[in-house]
Amino acid sequence: MAVCIAVIAKENYPLYIRSVPTQNELKFHYTVHTSLDVVEEKISAVGKSIGDQRELYLGLLYPTEDYKVYGYVTNSKVKFVIVVDSSNTSLRDNEIRSMFRKLHNSFTDVMCNPFHNPGDPIQSKAFDGIVSGMMVQSS
C-alpha cells in the first residue's frame with residue numbers, strides 16, 4: 001500500500017498531502033514536488049501525439065532506492081501522486097490504477113460539495129477516510 005498520497009493543484013501547489021511515517025513527512029513533500037517535473041514532461045510528450053486522447057494514468061514516474069512514485073492527471077490538470085514502498089513487490093500496476101481511480105472518484109465528490117471552494121486545501125473527512133484506507137498501516 002501507499003506510504004504517501006498527494007493531490008496537487010493545476011498551479012502546482014499542494015491541495016492535500018498525507019504520509020504514514022510522520023517523521024519522514026518533509027522527505028515525502030520533497031519527493032512529491034520533485035515528481036512534478038516528471039509529470040509535466042509526460043503531459044507535454046503526450047500532448048504532442050495524435051489527438052488529445054491521453055491516458056490519465058501516467059504510470060511509474062521514477063523509482064528511488066526506497067520508494068516508487070506513480071502519477072495520475074485529471075482532465076482539469078489536477079495531479080495525484082502516490083508513493084509506494086519499493087520493498088512491496090506484490091503491488092501490481094492494475095492495483096495502482098484502481099487506487100488512483102478510487103482517489104479520483106473521492107476527489108470528484110469533494111469538488112461537488114457546494115461548501116468547498118476549488119483551490120482550497122482538502123479538509124473532507126470522507127476523502128481522508130478513503131486515503132487512510134489506501135495507506136500502509138503503521139504498527
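Bear in mind the structure is a predicted one, so any value in this text is a computation, not a measurement.

K.L.:
What am I meant to see in the side chain of His104 here?
P.N.:
Within the secondary structure, His104 sits in helix α2 (residues 93–112). Other than its neighbours up to four places away in sequence, His104 contacts Leu56, Tyr72, Thr74 and Phe80.

K.L.:
Looking at this structure, how should I read the sheet that holds strand β1 (residues 2–8)?
P.N.:
Strand-to-strand pairing in sheets goes through backbone hydrogen bonds, with the strands running parallel or antiparallel. Pairing within the open sheet is antiparallel, and its 5 strands lie in the order β2-β1-β5-β4-β3. Each edge of the open sheet is held by one strand with a lone partner, namely β2 (14–19) and β3 (57–63). With direction set aside, neighbouring strand axes in the sheet form an average angle of 15 degrees. Sheet analysis places β1 next to strand β5 (residues 79–85), joined by 6 bridges and oriented antiparallel. Within β5, the residue paired with Ile8 across the bridge is Lys79. Strands in contact with α2 are β1, β2, β3, β4 (67–73) and β5; relative to β5, the strand with the most contacts, it is inclined by about 140 degrees. Lying over the sheet, helix α3 (residues 125–134) contacts β1 and β2, oriented at roughly 40 degrees with respect to β2.

K.L.:
In this structure, what is going on with the pattern of salt bridges? I would like to understand it.
P.N.:
Two side chains with opposite charge may pair up if their charged atoms get near one another. Scanning the entire structure with this criterion turns up 4 salt bridges. Here Arg18 and Asp128 are joined by a salt bridge, their closest N and O atoms 3.4 Å apart. With Arg18 in strand β2 and Asp128 in helix α3, this pair connects stretches of sequence that are 110 residues apart. You can call Arg18 partly exposed: its relative accessible area is 28%. A residue is classified by how much of its surface remains accessible, and Asp128, at 31% relative accessible area, is partly exposed. Its salt-bridge partner being Asp66, residue Lys27 comes within 3.5 Å of it at the nearest N-O pair. Separated by 39 residues along the polypeptide, Lys27 in helix α1 (residues 25–47) and Asp66 in the loop between β3 and β4 bring together distant segments of the chain.

Rules used in this analysis
Residues numbered from 1 in each chain as written. Predicted model: local features only at pLDDT ≥ 70, side-chain atom pairs only at ≥ 80, totals over all residues. Heavy atoms only, no water. Helix = DSSP H or I, 4+ residues; strand = E, 2+ residues; numbered from the N terminus. Contact = heavy atoms within 4.5 Å. Pairing = 2+ DSSP bridges. Axes fitted to C-alpha atoms, helices over the stretch in contact; angles between N-to-C directions. Salt bridge = Lys/Arg side-chain N within 4 Å of Asp/Glu carboxyl O. Buried < 20%, exposed > 50% of the residue type's maximum accessible area, 1.4 Å probe, protein only.

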